[in-house]
Structure formats: structure tokens, C-alpha cells
Amino acid sequence: MIWALIGVPAFAGLAAFFVKPHGPRRGLLVAAALAHAAMTASTWSVRPKAVLNGYLELDPAGLLFLSVTSVLFLAAAAYAVGYLERAEHAEDEDEDVFMFDNAPEAVFTGCLLMFLATMTMAALSQHFGLLWVAVEATTLASSPLIHFHRNNRSLEATWKYLLICSVGIAVALLGNFFLAVAARSSQDLLMTSRELVLHASALDPEWLKATFLLFLVGYGTKLGLAPLHTWLPDAHSEAPSVVSALLSGALLNCAFLALMRVHAVLCAAGLGGYSGSLLAGFGLFSMAVAAVFIAGQADYKRMLAYSSVEHMGILSFAMGLGPANPAAMLHAVNHSLTKAMLFLTAGNLVSAGRTKSVAETRGLLRALPVSGALWLAGFFAITGCPPFGPFVSELWILKGAFAAGRPALAAVYAALLAAVFIGMAAVTLKMCHGEPSERFKAAPPEKDWWRLAPPVILALAALTLGCWVPPRLLETVKAAGDLLGVR
Amino acid sequence: MNLLADVLVILVVLTNLRVLGLSRLSPCIRTVAFQGALLGLLPVLAHLDDMTTRLALQAAASTVIKAAIFPWLLGRALRGTGSQREEEPFVGLTASLAAGVLFLAAAQWIGSRLPHVGQGAPGHMVPTALFTMFVGLFMIVSRRLALTQVLGYLIMENGITTFGLAFAEKQPLLVELGILLDVFMAVFVMGITLFHLNREFDHLDAARMTELRD
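Residues numbered from 1 in each chain as written. Chains lettered and ligands numbered in written order. Predicted model: local features only at pLDDT ≥ 70, side-chain atom pairs only at ≥ 80, totals over all residues.

Draft legend 1. Main features of the overall build of chain B. When helices and strands are tallied, chain B shows 7 helices and 0 strands. Overall, chain B shows an N-to-C arrangement of helices and strands of α-α-α-α-α-α-α. Taking 214 residues into account, the globule formula puts the C-alpha radius of gyration at 17 Å, and chain B, at 18 Å, falls close to it. Judged by the C-alpha coordinates and their principal axes, chain B covers about 50 × 35 × 35 Å. In chain B, the proportion of contacts linking residues at least 24 apart, taken out of those at least 6 apart, comes to 75%. (Helix = DSSP H or I, 4+ residues; strand = E, 2+ residues; numbered from the N terminus. Rg over C-alpha atoms; globule rule 2.2 N^0.38 Å. Contact = placed C-beta atoms within 7 Å.)

Draft legend 2. A look at the overall build of chain A. Counting its secondary structure elements, chain A contains 20 helices and 0 strands. Expected size for 487 residues packed as a compact globule is a radius of gyration near 23 Å; at 21 Å, chain A falls within 12% of this value. By its C-alpha atoms, chain A is 70 × 50 × 40 Å across when sized along the principal axes. A total of 487 residues make up chain A; the buried ones form 61% of that total. Restricting to contacts in chain A with at least 6 residues of sequence separation, those with at least 24 account for 82%. (Buried ≥ 20, exposed ≤ 12 C-beta atoms within 10 Å, placed from the backbone.)

Draft legend 3. Main features of unusual backbone geometry. Residue and element names in this part refer to chain A. In this structure, P227 follows A226 across a cis peptide bond, with omega equal to 0°. Mapped onto the fold, P227 is located in the loop between helix 8 (205-223) and helix 9 (231-238). Residue P387 is bonded to the preceding P386 through a cis peptide linkage, with omega at 5°. Residue position: P387 is located in the loop between helix 15 (369-382) and helix 16 (389-403). Of note, L52 is a non-glycine position whose phi angle comes to about 55°, a positive value. Structurally, L52 is set in the loop between helix 2 (22-45) and helix 3 (60-93). The residue N53 is not glycine, and still its phi comes out positive at about 55°. Assignment of secondary structure puts N53 in the loop between helix 2 and helix 3.

Draft legend 4. Spatial organisation of the confidence of the model for chain B. Chain-level statistics for chain B give a pLDDT mean of 84 and a share of 92% at 70 or above. Of the two predicted TM-score estimates for the complex, the pTM is 0.93 and the ipTM is 0.91. (pLDDT = per-residue confidence, 0-100.)

Draft legend 5. Region of the structure containing the interface of chain B and chain A. At the interface, 33 residues of chain B touch 30 residues of chain A. Elements that contribute at least two residues to the side of chain B that touches chain A include exactly helix 6 (146-166) and helix 7 (173-201) of chain B.

Draft legend 6. Quick look at the confidence of the model for chain A. For chain A, per-residue confidence averages 90 on the pLDDT scale, and 96% of positions sit at 70 or higher. Contacts for the low-pLDDT stretch residues 92-99 of chain A, under 50 throughout, to residues beyond four places or in other chains number 4 contacts.

Here is the structure:
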């Protein structure tokens, strides 16, 4: 089963490079997404066996992130069908509509599927070396996706993404070697997180601390922790929205999982205080940086990107405080669903108004009733208002901060959440209300359900998680949080 | 560790200094390729007595990729550029060399202070690894051209590989090959991106990419 989870998208991706006609290739994309989702769903009832000496194994945290990735990819695949169709016709009708050529669709579809395969591998890897290989592979599979629209801006964004993330992740590779040095005293130790957690006392604490720093810089770059986040707003705003949704909702989780696994080893070795305070500190700093850049942001996709920086900050903050760990897991799920929905909606706004500028976007509720409503709902959801999912998990994290005996940090956390809320409200509410602006006056009625249904369904999912967390999910969230060993 | 291996390690240090002092791109590419070949040979020489097929295959794969395929890929990207074959770094070449000497001293100092490196690691390997990483990072931040930044990434990766070699690190074969494949794909994708950069901007000057900012 584990091989099939990685293999199906990988082979479909390779095949997509060679399928010429558009119809079958898009069918292949949706079919592979459906197959992946079905296999992932089946792992909830039957836990697949570990393969390769336990290098690849599905633990609760992996299961959680794999499921999120799979759901988002299914939504993105359906959306991509509508998106690609439109991109194709737009070129036929009117050359001015898209002022750039798009990359060949076969490359786009192929890379999208390879991207899914690499993210799946990252969620399944227990071996730190393999995890590194998978996370670096996600960068390489996704950078051609950012450059789908062939123009200067996307090219600049691709270059920054490719170089900054590759260099960052190279630092994590050095961290892997440090980890191996830390484990030198016990020769036959496998570099899997389970083995290392079990034998944590045999690890050299000095080297382990250095390892954590290198992982924090390496995977923190990929995660977009400030001040290593500089590539993120560029890549997420210039990529096609369907790719941004996956980058933000699924890819960042993979990097977070990697940090989590090494944090678990440090906790087991009794160094949880050291790594925890670093995580919490960088988390709060990321939230603060995001709050500054969200306020008065002129580009609404960049605003969403900074919101991702904020939420990755929230996750690291929660991870750093022992009792909030399960809440962090739940928040990762909530953030992914909500943010993917927002990016997909943003894609619909871009194609209706052909602008990413906040100033040129007014009166969405009247001009585009469905997308406008989704945009407004998404704003409330992502800033943590009831009755949406993120509210529940953010509140849980706040409780966790108090339970950890850090009331001062809890207060800073709450204040930063409020600052982000105000900053985002100022931007989003202006966009939704009032008379439709020039660009949106002539917006055609919304009826492409390939591109409307996915965000609607994701929004409903985020709403459901706010009112009711399914017991199985809650159980898994708690199990994933417990893996860290609450201090 | 025998004498020959020691010579290779010293040559790695010298290649780093040479790269820092070069402004023309093609000798830069060749020097980095030579460094890759040195690092491919190093594990073979260090284990001449207890050679295994696995080790030999691994060394062969890494040498072919780093010493033949990378220079070919980057050379193609360079041929596309036409005019711009020289680097005008933010930090001048003399200053770069001076910085290189400082890095070497710093690497020696840090290498001597690492806790419990112990008997396994041969004397100069760890400082050399650190020095190579510093030079790679320095190249990435101090050079303007996108192509030189790729070279910096490769040098940094070489340094990390050296660190792994220093501890005769036993990663599973799968992981070793995965890392090699990733680095190969990274340069491949960077090469394609360089090609697009060239076509789109008519230059490879990363310092002039300033459209995206807040």
C-alpha cells in the first residue's frame, strides 16, 4: 500500500509528460488524484505495513498530513481541469487576455503529479535521510509549476524559490550528518525517528543541539519561518492559484513534519526545553513579521502568502509548548483546508478581474456573489473567528500556552492574532463591499463549477471542523501530538 | 587515511581559493568540476584496502555527475548567455580572496573546537568541509550572476559531502543515491531556469531581479 501511494502519482506523472491530447491527460490527473484519495482513505481503516526496515511507515502524524495533502490535491486537480480549460480557450479567443505564453500543459500536469508523489513520500518517511531526499524533491518538482505563466515576475519568483530553498535544505542535510555524529556511540542505530526516540539517551547532547539548529534553519526556510521566509510571498503570489493552494496547504506541512520529527528526538533526549523555546520564539517572531506585512498589503495573493507565514508561526509556537502539541496538529489541518480554499477563490478573482491589486478590487459581493461570499467567509475563517475550524484550534493553542505555564507568551500570541485580524479585515472588507470597480463591472456570471465546487467544499469542511471534530480525527490528532512526548 | 588522500584534501582547499579569485565563468565551472572529481576520488583512496563494489559504484556515479554532467549542463547555460561571461561581484576578487583566508582560519578554529569529534575523523577533513561550505555560501551571497550562485550551491554541497566523508558516514545506499539524484535534479532544474532567465531578461544578473518586493 505504501509503495502504491507513492507509485501511483509518480507513474501517472511520468505518463502525463507523454500524453499528447488534453482530454485524456486531464482525465489522468483526476483519476490519479481520486486513486490517491481512495488509498489514503483506506489507510484510516487498515494501517499499512511498514516497508524498507521501517524507513517508510505511516504513523498518526504522517496519516494526518497525508490525508490533508490528498484531500487538497483532489480539490486542486478538479480545479486545475477548469483552470487549464480556461487558459487554453483564453489563448484562442484573445491574445491580450493572457499577456504571456503558458508552459506546456503536459509539463504542468506531470510536475503536479510528481509533486504529489514527493509530498506523499515526505509524509511517509521515518528515516531522516529519506525525509531530506523527499523534501528536497518537493522543491524541485514544484518549481516548474511556479513558472507556469511565462513572465518576468514568475521567473524571478521561481529563481528565488529554487535557490533559497535548495540552499536552506542543504543546511538540513548537514543537520542529518550532525545527527549521525550524535548517534556515533551506538553503532547500529537506524536513523529513523522511532529508533532515535527510543535510544535518545545514547545520543550526544552537544551534537544534538547543533543538529536541531541546522534543521531549524534548513526546514525553517522551507516552512517560511521569519526571517527565512523571503521566498514565500513571491512564490505563493506568482504561482498559478491552484499551485499556491498546494504550496501553502500541503507543502508547508511537509516541512513542518520534518521539524516535528527532530523536535521529538530532542524531547526524548531531555532537550525539549531547548528546542521548544527556539520553536516558540521563531513562531512568535514569524507571526509578528506577518502581521506587519499583512497590514496595508496591496496584493491580495501576497496577503494570503503572509498569512501562511503567520500560521506556520502559530504551528511552531504551539509545537514549542508541550501541552499545545495536539492543538498544533489540528490547526495544521484547519489551516490547510482554509488556506487552500482562499487561494482557489483568489484564483477565481484573478481570472474574473485580471488583477491582484487590492485597490482595483471592489464590490466583490455584488459582482461575484459566490466567490465574494467565499472570500468573506475565508477571511473570517483564517483569522480564527467562530464558527470555523481555525477558531477551535487557535483557542486550544491559547489554552495550551496557559497550561504550559507561559501566560506572558499567551498574551503576546493573542495580541498578534488580533493584529493580524485587524490588518486583514482592513484589506478584505474593502474588497468585498461597495460598488463593483471597473475591472469587475463586466465580470461574467460564475458558472464554471469545476472551479467553484472545490473551494465551496473546502469551506464547508472548515466550517464542519469548527462545529464538530470527528472522534476519529480527534483521536489521531491526539496520537500525533503525543508522539512528541509532552514535557 | 594515506598520503595521497591528504594531497586530495589540500587540492580541495586550493580549488576553493581559486574559485574565489576567478572572474571569468568558464574556468570557474571547470574548477568546480575538478573539485567534484577530487571528492569523488577521495573515498576510493581512503578505502583502497577494503574496497567494496558499492563504494566503487557510488564514487563512479558521483564523479560522473559532478565532473562531467554538471559542467556540461552549466556550460550549455553559459553558451546561451552570449555577452555576459564575466562576473562583477559585489565583493571584489582581492577582497574575496582575503575573506577566503579568513574563512580558512575560522574553519580550522571551529574544526578544532568541535566536541568529541574523536578518533574516527581524520585531521583536516572537518576543517576542509567547513571551509568549503563557507566558500559556497559566500559565493552565493557575494556574486551577482545566477550562474555563479549555482556554482556556489554546488561548492556548498561539496562541503557537506566532505563532512559526510570525514565521518565515514554510513548512510543506507538508498539515501545516498537519493541525495545524489536530488542534487543532480537540482542542477538540472536550475539549468533550465537559467535558460529561461536568459531568454526572458537577456542577462543572468540576479541583482537586477527586483520586481517582487514589499
